[in-house]
Amino acid sequence: MSYTGRCACGAVTLAIAGAPITARQCWCRQCQQIAAGGPTHNAMFATQDVTIHGDLTGHHYVAASGNTITQSFCTACGTPVMGQSDARPQFRVIRLGTLDAPHDIRPLMAIWTEDAPAWAAIDPALEQFPRQPPPPSIPEPS
Ligand SMILES: [Zn+2]
Ligand SMILES: [Zn+2]
């Protein structure tokens with residue numbers, strides 16, 4: 001399984017060698033801010049599978065969990081590219097909008113649904129979590 005991607009201006013490119021661990025829609029407030037009012041759509045990959053070229057700017061904040069989250073954007077065009085948590089450096093959360101279409105990834109769950117606005121239409125086929133779900137259980141990368 002492999003994927004390629006790019007930001008809106010092309011200054012940042014991605015190459016991913018591996019299958020996603022999971023894919024999610026996130027309605028947390030921080031995601032609504034970077035996604036213009038809707039949820040972010042994300043695929044989680046093993047860090048060692050992800051190669052990114054180009055200049056990213058990171059915004060760091062402390063989440064409700066107490067973990068420091070970094071959201072990375074293309075420095076030139078602002079496209080949200082990636083998120084990561086200092087508590088789980090083995091994962092990279094890639095924004096689905098950056099992946100070249102077509103690809104086979106679709107969200108499996110909606111998370112932080114308690115933060116979603118009243119008008120949000122969340123697909124009932126998605127597994128839903130009011131807040132953060134438990135982390136995926138995969139072997140630690142060697
Ligand atoms: Zn860009
Ligand atoms: Zn979020």
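Residues numbered from 1 in each chain as written. Chains lettered and ligands numbered in written order. Predicted model: local features only at pLDDT ≥ 70, side-chain atom pairs only at ≥ 80, totals over all residues. Heavy atoms only, no water.

An unreviewed UniProt entry lists the protein under the name GFA family protein, from Novosphingobium anseongense.

Moving on to the coordination of the zinc ion (ligand 2). Of the protein atoms, only Cys26 (SG), Cys28 (SG) and Cys31 (SG) coordinate the zinc ion (ligand 2), at distances of 2.1 to 2.3 Å. The sequence motif formed by the donor residues of the zinc ion (ligand 2) is C-x1-C-x2-C. For the pair shown, Cys28 and Cys31 are each scored as buried. (Donors = N, O, S within 2.8 Å, 3.2 Å for Na, K, Ca; no water. Buried < 20%, exposed > 50% of the residue type's maximum accessible area, 1.4 Å probe, protein only.)

With that out of the way, let us pick up the coordination of the zinc ion (ligand 1). Within the protein, the atoms that donate to the zinc ion (ligand 1) are Cys7 (SG), Cys9 (SG), Cys74 (SG) and Cys77 (SG), at distances of 2.3 to 2.4 Å. Classification of the site at the zinc ion (ligand 1) as tetrahedral follows from its four donor atoms and the range of 106 to 114 degrees in their angles at the metal. Mapped onto the sequence, the residues coordinating the zinc ion (ligand 1) show the spacing C-x1-C-x64-C-x2-C. Highlighted residues: Cys7 in the loop between strand E1 (2-6) and strand E2 (13-17) and Cys77 in the loop between strand E7 (68-74) and strand E8 (80-85), separated in sequence by 70 residues. (Tetrahedral: all angles 85-135°; square planar, octahedral: opposite > 155°, others 65-115°. Helix = DSSP H or I, 4+ residues; strand = E, 2+ residues; numbered from the N terminus.)

Right, let's get into the nonpolar core. Grouped together as the largest cluster of nonpolar side chains are 16 residues, with contacts concentrated most on Tyr3, Ile16, Ala43, Phe45, Ile94, Leu99 and Ile105. Those elements that place two or more of their residues in this core are E2, strand E4 (40-46) and E8. Every residue in contact with Ala43, bar those within four places of it in the chain, is listed here: Pro20, Thr22, Ala23, Arg92, Val93, Ile94, Leu96 and Ile105. If you look at the next biggest cluster of nonpolar residues, it comprises seven residues, including Cys28, Cys31, Trp112 and Phe129. (Core = buried A, V, L, I, M, F, W, Y, C linked by side-chain atoms within 4.5 Å. Contact = heavy atoms within 4.5 Å.)

On the secondary structure map, Pro20 appears in the loop between E2 and strand E3 (22-26). Taking the relative accessible area as the measure of exposure, Pro20 reaches 26% and is therefore partly exposed. When the C-alpha positions of Pro20 and Ala87 are compared, they lie 19 Å apart, and in sequence the two are 67 residues distant. Apart from the residues lying within four places of it in its own chain, the contact partners of Pro20 are Tyr3, Ala43, Met44, Phe45 and Ile105.

Most of E7 sits inside the fold, with six of its seven residues counted as buried. Note that strand E6 (residues 56-62) and E7 share seven bridges and pair antiparallel. Within the sheet, the bridge partner assigned to Gly58 lies in E7 and is Ser72. The turn linking E6 back onto E7 is made up of five residues, and Gly66 within it adopts a positive phi angle of 90 degrees. Connecting E7 to the antiparallel partner E8 that follows it, the hairpin turn spans five residues, and Gly78 within it adopts a positive phi of roughly 85 degrees. (Pairing = 2+ DSSP bridges.)

As a further point, take the sheet that holds E2. The antiparallel open sheet is built from three strands, whose spatial order is E1-E2-E5. Pairing within the sheet leaves two strands with one partner each, and these edge strands are E1 and strand E5 (50-53). Between one strand axis and the next, the sheet turns through 10 degrees on average, direction left out of account. One ladder, built from four bridges, connects E2 with E5; its direction is antiparallel. (Axes fitted to C-alpha atoms, helices over the stretch in contact; angles between N-to-C directions.)

Moving on, we come to the sheet that holds E8. Spatial strand order, E6-E7-E8-E9-E4-E3-E10-E11: eight strands in an open sheet with mixed pairing. Each edge of the open sheet carries a strand with a single partner, namely E6 and strand E11 (127-128). Note: E3 against E4, five bridges, orientation antiparallel. In the strand pairing of E4, Gln25 is matched with His41.

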